Amino acid sequence: MAGFKSEFLKTLSERGFIHQISDEGGLDQLLAKQSTTAYIGFDATAASLHAGSLVQIMMLYWFQQTGHKPIALMGSGTTMVGDPSGKDESRQMMTAEKIAENKQGIKQVFKQFLDFGEGSNKAIMADNADWLLGLKYVEFLRDYGRHISVNQMLSRDSVKLRLEREQHLSFLEFNYMVLQAYDFVELHKRYDCRMQMGGSDQWGNIISGVDLGRRSGCEELFALTTPLLTTSSGAKMGKTASGAVWLSEALLPVYDYWQYWRNSEDADVGRFMKLFTTLPLEEIARYEALQGVEMNEAKKVLATEATSHIHGRKAAELAAETARKTFEEGSVADTLPSITVNASDLDDGVGVLSLLVDAGLAASNGEARRHVRGGAVRINDESVSDEKAQVSSKNLNTEGFIKLSLGKKKHFLVQPR
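Predicted model only: the values in this text are computed from it and were never measured.

Regarding helix H14 (residues 269-276)
Then comes step 1: Within H14, six of the eight residues are buried, leaving the element largely enclosed by the surrounding structure.
Then comes step 2: Here H14 has its buried residues at Val 269, Gly 270, Phe 272, Met 273, Leu 275 and Phe 276.
Then comes step 3: Of the surrounding secondary structure, the elements contacted by the buried residues of H14 are helix H1 (7-15), helix H3 (54-65), helix H13 (254-262), helix H15 (281-288) and helix H16 (295-311).

Encoded structure:
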């Protein structure tokens, strides 16, 4: 569709969020005419969301900023089933207690992006456990099962790809699409919700909800998905060699989060600024035009802006200052992430491989060994070539810590306790 009338779709289009829309003209007309409610679901499969979820969170942010009402739906109910989308095997079953614990960690993120206070478009935080856990199975099948086509379910990618790979798909997982579709219908009843948004891998699940709503007598419902997001080199967004880029400071230090964005590839900077910051497009265009070493300044802006959304402006600027001191002045800032080691163990000597694993710079001794052999490891800025090297209290500097480095951009302080 050439040119949107609604501010929300215009913003999303300009910033690169849109992949598919079920009815572009109808949705654009609705959003231009009146304040509308839309939702995105987040299952509680971990104690925190990671950077890969930020595209969805930013869509909810822009939805509210353009005058509409966003719903962040916690999937406590659907987490008990497990989404088979993109998976070759069943997700590990989780206890209700673990799901509740994870949900509390996830909920904190949305308070940084959405206004749950007063006003006609205040955000809503709902939980599908409120209606799914109380369903009566036979009554549910009678009321909604007759509207759900198994033929269509088998054609959805989340099911079809699993069957084509001849991987086991349990009846439990097969029901996930049905429950997500019912979420949409239930949210329409409760909050007059007209649209579900999500990643492109959720298109089939979302369309099932649109279809169930139509067959159940709802007003027209809409679907909108974002493209599958990867870096220019093809890496999955929100993942690094050492693991997920968590949004919770308890799982990933602010400094490391800032560094993740600072390490973006040149070709990704403008695109990431549009998706993950609220900087004006004109300003982003100026940063995109930079070349060579000047692009490093744009990366610092990206890192600080993206970090400030999650951890606050003060923490983001502190991380930026820590990086400046570490890399530009050659000094060690006291805000670098750190690990502690028993003083007695440090007196006896601790293997450098163990330290790399404890600091999260390597997933195993084998990976740590490869880093040493590749010349990437340094202790107090001195290269380590012996994989059997020991670090002891003799390595403590005058400030009482040891600087452990992997490559040029990953640093930890080792301190005795």
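A word on the packing of H14 against H15
A pair of packed helices is characterised by two quantities: the angle between their axes and the separation of those axes.
Then comes step 1: Where H14 meets H15, the closest approach of the two axes is 9 Å, and the angle between their N-to-C directions is 160 degrees. Classed by the angle they form, the pair H14 and H15 counts as roughly antiparallel. Note that H14 runs across H15; the crossing there is right-handed. On H15, the residues touching Gly 270, Arg 271, Met 273 and Lys 274 of H14 are Leu 281, Ile 284, Tyr 287 and Glu 288.
Then comes step 2: Residues that form the contact of H14 with H15 fall into these classes: four nonpolar, one polar and three charged.

Re the sheet that holds strand E1 (residues 20-21)
Then comes step 1: Strand order in the open sheet formed by six strands is E1-E6-E5-E2-E3-E4, and the pairing between neighbours is mixed. Of all the strands in the sheet, just E1 and strand E4 (124-127) have a single pairing partner and so form its edges.
Then comes step 2: Sheet topology note: the E1/strand E6 (residues 222-226) ladder contains two bridges and is antiparallel. Residue Gln 20 lies in a different strand from E6, and its bridge partner there is Thr 225.

So, unusual backbone geometry
Then comes step 1: Positive phi, close to 55 degrees, is recorded for Asp 192, a residue that is not glycine.
Then comes step 2: Relative to the helices and strands, Asp 192 resides in the loop between helix H11 (176-191) and strand E5 (193-199).
Then comes step 3: Look at Asp 192 and you get partly exposed, because its relative accessible area is 37%.

What to know about the nonpolar core
Then comes step 1: Core analysis: the biggest nonpolar cluster contains 63 residues, and Phe 8, Leu 54, Phe 110, Leu 224 and Trp 261 have the highest contact counts within it.
Then comes step 2: Considering every element that reaches this core, the biggest residue donor is H3, with nine residues.
Then comes step 3: Setting aside anything within four residues of it in sequence, one finds Phe 8 in contact with Leu 31, Met 59, Trp 62, Phe 63, Thr 66, His 68, Met 195, Met 197 and Leu 224.
Then comes step 4: Among the nonpolar cores identified, the runner-up in size contains 26 residues, and Val 81, Leu 179, Tyr 182 and Phe 184 belong to it.

About the cut-offs
- Residues numbered from 1 in each chain as written.
- Predicted model: local features only at pLDDT ≥ 70, side-chain atom pairs only at ≥ 80, totals over all residues.
- Heavy atoms only, no water.
- Buried < 20%, exposed > 50% of the residue type's maximum accessible area, 1.4 Å probe, protein only.
- Helix = DSSP H or I, 4+ residues; strand = E, 2+ residues; numbered from the N terminus.
- Contact = heavy atoms within 4.5 Å.
- Axes fitted to C-alpha atoms, helices over the stretch in contact; angles between N-to-C directions.
- Parallel < 35°, antiparallel > 145°, perpendicular 65-115°, else oblique.
- Left-handed = near helix turned anticlockwise from the far one by under 90°.
- Nonpolar A, V, L, I, M, F, W, Y, C, P; charged D, E, K, R; others polar.
- Pairing = 2+ DSSP bridges.
- Core = buried A, V, L, I, M, F, W, Y, C linked by side-chain atoms within 4.5 Å.

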